[in-house]
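# Working through the structure, step by step
One-letter residues, chain by chain:
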Amino acid sequence: DFENYRNLFTLVPFGRYFLNTAIVTFLTVAGQLIITSMAAYGFSRLHFFGRDTIFLLYLATMMIPFQITLSPLFLIVFRLGWINTYQGLIIPGISSVFGIFLLRQSFMGIPQDYHDAARIDGASEFTIFTRVFLPLTGPALTTLGVFAFMGTWTDLLWPLLIARDQHLRTLELGLAYFNASTTAFRQTNWPLVMAAAVVVMLPVLVVYILAQRYFVAGISLSGVKG
């Protein structure tokens, strides 16, 4: 019943939740693509002392569960005064070890001749990165973008800690509070709860369907195979 969707946005500020989620997700994904691509290029094409050792140590952090780093990360955000701010929701997620690994594998699959030819033509390192390597790693970038989008859009734990005020709540957090408020009085309005779940889930499905062929190609080209 489409009336449930109208009631949902009337009774609960889901429009605000949707806008907050869109802002946080867009800036997080954009920041992650920029930072991880530059770091991956440095680890794959630049030569500096201890490069491989640093990269291995960086990969080792993937074995540390997020729950262990949650408290120190929250204390850092608290000391910076970023509680109840977009900075607190966005900045901790703009880097990804997995993203750097994924793009590094993709960059290393590009022949060295491309880099040498651009260098002979007088291109700077930044020009080679933006004009040669990034266009050739479009599928891998799309794959990382899909992963980052899904992870940020459906995140509940971090917004639960940071977004104390209602005007900063994301969709997942708003859905959790809405579900809790309806079950508190043992009067769960399941049609509205299911309508809210569809609103949260639909953008993820649309993004995945649109980027599916790039997603598969990115996984194959980066060497991360099942």
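To keep things clear, this report deals only with the structure shown in the data block. Here the residue numbering is sequential within each chain, running from 1 through the sequence in written order. Residue-level local features of this predicted model are given only where pLDDT is at least 70; pairs of side-chain atoms are given and counted only at 80 or more, and the full residue set underlies all totals for whole chains, interfaces and linings. Side-chain measures were taken over the full set of non-hydrogen atoms in the model, leaving aside hydrogen atoms and water.

### Digging into the packing of aromatic side chains
For clarity, the cut-off: Stacked, edge-to-face and tilted labels apply to pairs of Phe, Tyr and Trp rings (six-membered ring for Trp) whose centres lie within 6.5 Å, assigned for plane angles under 30 degrees, over 60, and everything in between, in that order. Helix numbering and strand numbering both begin at the N terminus, where a helix is a DSSP run of H or I of at least 4 residues and a strand a DSSP run of E of at least 2. Exposed residues in this analysis have more than 50% of their type's maximum accessible area, buried residues have under 20%, and partly exposed residues fall in between, with area computed by a 1.4 Å probe over protein chains only. Whether a charge sits over a ring comes down to the Lys NZ or Arg CZ being within 6 Å of the ring centre and within 35 degrees of the ring normal.
What the rule picks out here adds up to 16 aromatic pairs. A centroid spacing of 5.2 Å and a plane angle of 55 degrees characterise the contact between Tyr41 and Phe129, whose relative ring orientation is tilted. Pair noted here: Tyr41 is in helix H2 (residues 14–45) and Phe129 is in helix H8 (residues 125–136), with a separation of 88 residues, a long-range link. Like Tyr41, the residue Phe129 is buried in the burial classification. Taking the centre distance of 5.5 Å and the plane angle of 90 degrees together, the rings of Phe98 and Phe147 count as edge-to-face. You can see Phe98 sitting in helix H6 (residues 97–108) and its partner Phe147 sitting in helix H9 (residues 138–153), a full 49 residues away along the chain. Judged by relative accessible area, which is 27%, Phe98 ranks as partly exposed. We classify Phe147 as partly exposed; its relative accessible area is 34%. Three or more aromatic residues joined by ring pairs form one cluster here, namely Tyr41, Phe107, Phe126, Phe129 and Phe133. Its guanidinium or amino end placed over the ring of Phe55, Arg104 lies 4.2 Å from that ring's centre, counting from NZ or CZ. One Lys or Arg, Arg169, reaches over the ring of Tyr177 and ends 3.8 Å from the middle of that ring.

### Re the pattern of salt bridges
A side chain of one charge can pair with a side chain of the opposite charge if their charged atoms are brought near each other. Quick note on the threshold: Any Lys or Arg side-chain nitrogen found within 4 Å of a carboxyl oxygen on Asp or Glu counts as a salt bridge.
This structure, assessed with the given rule, holds 3 salt bridges. The shortest N-O distance in the salt bridge between Glu3 and Arg6 comes to 2.3 Å. Taken together, the positions of Glu3 and Arg6, both in helix H1 (residues 3–11) and 3 residues apart, correspond to about one turn of that helix. Note that Asp52 and Arg51 form a salt bridge whose closest N and O atoms lie 3.3 Å from each other.

### Quick word on unusual backbone geometry
Positive phi is not limited to glycine here, since Asn84 has a value of about 65 degrees. Examined against the element boundaries, Asn84 turns out to sit in the loop between helix H4 (66–79) and helix H5 (86–90). Taking relative accessible area as the criterion, Asn84 reaches 23% and is therefore assigned partly exposed.

### Thoughts on the packing of H2 against H8
Rules: In this description, a line fitted to the C-alpha atoms serves as the axis of each element, helices being fitted only across the stretch in contact, and the angle between N-to-C directions of two axes falls anywhere from 0 to 180 degrees. Throughout, the term roughly parallel applies to angles under 35 degrees, roughly antiparallel to angles over 145, roughly perpendicular to angles from 65 to 115, and oblique to all others. Only heavy atoms enter the contact rule, under which two residues are in contact if any of them lie within 4.5 Å. Under the convention adopted here, Pro, Cys and the residues Ala, Val, Leu, Ile, Met, Phe, Trp and Tyr are nonpolar, Asp, Glu, Lys and Arg are charged, and Gly plus all remaining residues are polar.
Their axes nearest at 12 Å, the elements H2 and H8 cross at an angle of 105 degrees. Comparing the axis directions of H2 and H8 gives the class roughly perpendicular. Residues Ser37, Met38, Tyr41 and Arg45 of H2 touch H8, and the partners they reach there are Glu125, Ile128, Phe129, Phe133 and Leu134. For the contact of H2 with H8, a count of residues per class yields 6 nonpolar, 1 polar and 2 charged.

### Brief notes about the nonpolar core
Note the following rule: Here, the term nonpolar core denotes a set of buried Ala, Val, Leu, Ile, Met, Phe, Trp, Tyr and Cys residues that are joined through side-chain atoms within 4.5 Å.
If you look at the biggest cluster of nonpolar residues, it comprises 18 residues, and the most contacted ones within it are Leu8, Phe14, Trp153 and Leu171. Elements supplying a minimum of two residues to this core: H2, H9, helix H11 (171–183) and helix H12 (190–210). Per-element accounting of this core gives the leading share, 7 residues, to H12.

### Here's the deal with the environment of Leu173
Structurally, Leu173 can be placed in helix H11. Taking the relative accessible area as the measure of exposure, Leu173 reaches 1% and is therefore buried. A C-alpha to C-alpha distance of 14 Å links Leu173 and Thr25, two positions 148 residues apart in sequence. Setting aside residues up to four positions removed in sequence, Leu173 forms contacts with Leu156, Pro159, Leu160 and Ala163.

### Remarks on the packing of helix H7 (residues 112–120) against H8
Basically, it comes down to this: Whether a crossing is left-handed or right-handed is set by the direction in which the near helix is turned from the far one by less than a right angle, anticlockwise for left-handed and clockwise for right-handed.
For the pair H7 and H8, the least separation of the axes is 10 Å and the interaxial angle reads 140 degrees. Put simply, H7 runs oblique to H8. For the element pair H7 and H8, the recorded crossing hand is right-handed. Of the residues in H8, those touching H7 at Tyr114, His115, Ala118 and Arg119 are Glu125, Ile128, Val132, Phe133 and Leu136. Among the residues forming the contact of H7 with H8, the class breakdown is 6 nonpolar, 1 polar and 2 charged.

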